[in-house]
Amino acid sequence: MNTRDLQAFVAVVESESMAKAAEKVFLTQPGLTRRVQNLEAMLDTVLLDRQSKPLKPTATGNEVYRLARTVLRAVDDLLAVASPDSESTGEMRIGVPPFLSEQALERPIDSLRNAFPKLTLRVTAGWSPGLMQNVERGTLDAAVVLMPDGISLPDALTATLLGRKPFVVVAPRSFGLADAPTTLAQLSRYPWVLNQDGCGMRSVLSRAMSTAGLPFDVAVEAFGSELQLSLVARGMGIGLAVSEMLETSAHRDALQRIEVTDFHNVLSIWLMHGLLPGRLVRPVALMRDALARRLGLARQSGRERP
């Protein structure tokens, strides 16, 4: 089997276009087509639904794509073992929650690109439970997740505690809430504007309200901190935000922070990964340290769990 045929097919699936894939792998479009046809002939099956727009793999093609990615990564790992002092190449797939993708990734990615210019970075944003599952399945190499205290982490993964991140409850000034500390019971009279299920901040709040036996009315589910803060500012409900988001929001003057005496509004930030190939050990370590610096976190000594 020719790995160049696999690379061509993977590029087509990921680009959803023959023309874009040809540019990606530095082939002419006829040359790319021949490589995909070679793979189809060898496997004796059709891998692409050529009538779909954008171009999609067939059901068999989806399975071949998944396996082809595994084969190509194994080839990269083999080359790294053969040349342990060589520069990291191939790709590194990183999962991060929306908060990090919006606010904290720019400098860490700069650091990775400067240190490992031949390493392709693939960054996926998602909620922490899904990111952990993808690391377990091997579709992500590493993920940074935000988790409430007391949540069990997968035994099969290495988890390094980077630190803890507080977040705040915010309300519109139009609600006229007092500046004095309040309680969850008092806040339960109001609707909430929150992310969808899976968001770490929402999980902490939901567990606290359930433990206290309080009603939990989510009036609006909206993706994106700035959209949520705009809805809160307009009186749709109260919400949650990390301080960085609140301070840079265009709506901050219409919002007030609410101190809640019986609410532990802190998330733990973990870096999680499975068994890493040698070529990714240094990049993942650099990503860990760069993120900790960017977030102003001190690495938590003694909290790395194999």
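What you see is a predicted model; the values in this text were computed from it and never measured.

A. Representation of the packing of helix α1 (residues 3-15) against helix α3 (residues 29-43) within the structure. It is at 8 Å that the axes of α1 and α3 come closest, and there the two elements cross at 110°. Relative to α3, the element α1 is oriented roughly perpendicular. Counting all contacts with α1, which are made through Arg 4, Asp 5, Leu 6, Ala 8, Phe 9 and Val 12, the residues of α3 involved are Leu 32, Arg 35, Val 36, Asn 38 and Leu 39. A breakdown of the residues in the contact of α1 with α3 according to their chemical character gives seven nonpolar, one polar and three charged.

B. Summary view of helix α7 (residues 128-137). All of the buried residues in α7 are Ser 128, Leu 131, Met 132 and Val 135. Around the axis of α7, the buried residues are gathered within 100° of arc, so they sit on the same side. The inward-facing, buried residues of α7 contact β3 (90-96), β4 (119-125), β5 (142-147) and β12 (266-273). Immediately downstream of α7, the backbone of Gly 138 shows phi near 90°, a positive value.

C. Looking closely at the nonpolar core. Residues Met 92, Phe 167, Val 169, Trp 192, Leu 205, Leu 240 and Phe 263 are the most contacted members of the largest nonpolar core, which totals 44 residues. The element best represented in this core is helix α9 (residues 200-211), accounting for five residues. Dropping the residues within four chain positions of it, Val 169 is found in contact with Leu 187, Trp 192, Gly 239, Leu 240, Gln 256, Arg 257, Ile 258, Val 260 and Phe 263. One finds Ala 8, Met 18, Ala 21 and Leu 39 within the second-largest nonpolar core, a separate group that totals 20 residues.

D. Quick peek at the layout of surface pockets. Its volume calculated, the second largest pocket comes out at about 510 Å³. Residue lining of the second largest pocket: 19 residues in total, with Arg 73, Arg 93, Gly 138, Thr 139 and Leu 140 positioned closest to the centre. Mapped onto the lining of the second largest pocket, the elements with two or more residues apiece are α4 (59-82), β4 and α7. Take the lining of the second largest pocket: its biggest share by element is six residues, from α4. Each residue belonging to the lining of the second largest pocket can be placed in one class, and the counts come to six nonpolar, five polar and eight charged.

E. Summary view of empty space enclosed by the protein. Applying the stated criterion across every chain yields a total of three cavities of 30 Å³ or more. Here the largest cavity is characterised by a volume of approximately 210 Å³. If you trace the largest cavity, you find 21 residues lining it, with Phe 99, Trp 127, Asn 195, Cys 199 and Met 201 closest to the centre. Counting only elements with at least two residues in the lining of the largest cavity, the list comes to α5 (98-103), α9, α10 (225-233) and β10 (238-241). Among the elements that make up the lining of the largest cavity, the one with the highest residue count is α5 (three residues). Grouping the constituent residues of the lining of the largest cavity by class yields 13 nonpolar, seven polar and one charged.

Definitions and limits used
Residues numbered from 1 in each chain as written. Predicted model: local features only at pLDDT ≥ 70, side-chain atom pairs only at ≥ 80, totals over all residues. Heavy atoms only, no water. Axes fitted to C-alpha atoms, helices over the stretch in contact; angles between N-to-C directions. Helix = DSSP H or I, 4+ residues; strand = E, 2+ residues; numbered from the N terminus. Parallel < 35°, antiparallel > 145°, perpendicular 65-115°, else oblique. Contact = heavy atoms within 4.5 Å. Nonpolar A, V, L, I, M, F, W, Y, C, P; charged D, E, K, R; others polar. Buried < 20%, exposed > 50% of the residue type's maximum accessible area, 1.4 Å probe, protein only. Arc of directions from axis to C-beta. Core = buried A, V, L, I, M, F, W, Y, C linked by side-chain atoms within 4.5 Å. 1 Å grid on protein atoms, 1.4 Å probe; cavity = no way out; pocket = protein on both sides within 12 Å on 5 of 7 lines; lining within 4 Å. Points joined across faces, edges and corners; volume = space filled by probe spheres on them.

Interpretation in functional terms is not warranted from these geometric data alone.
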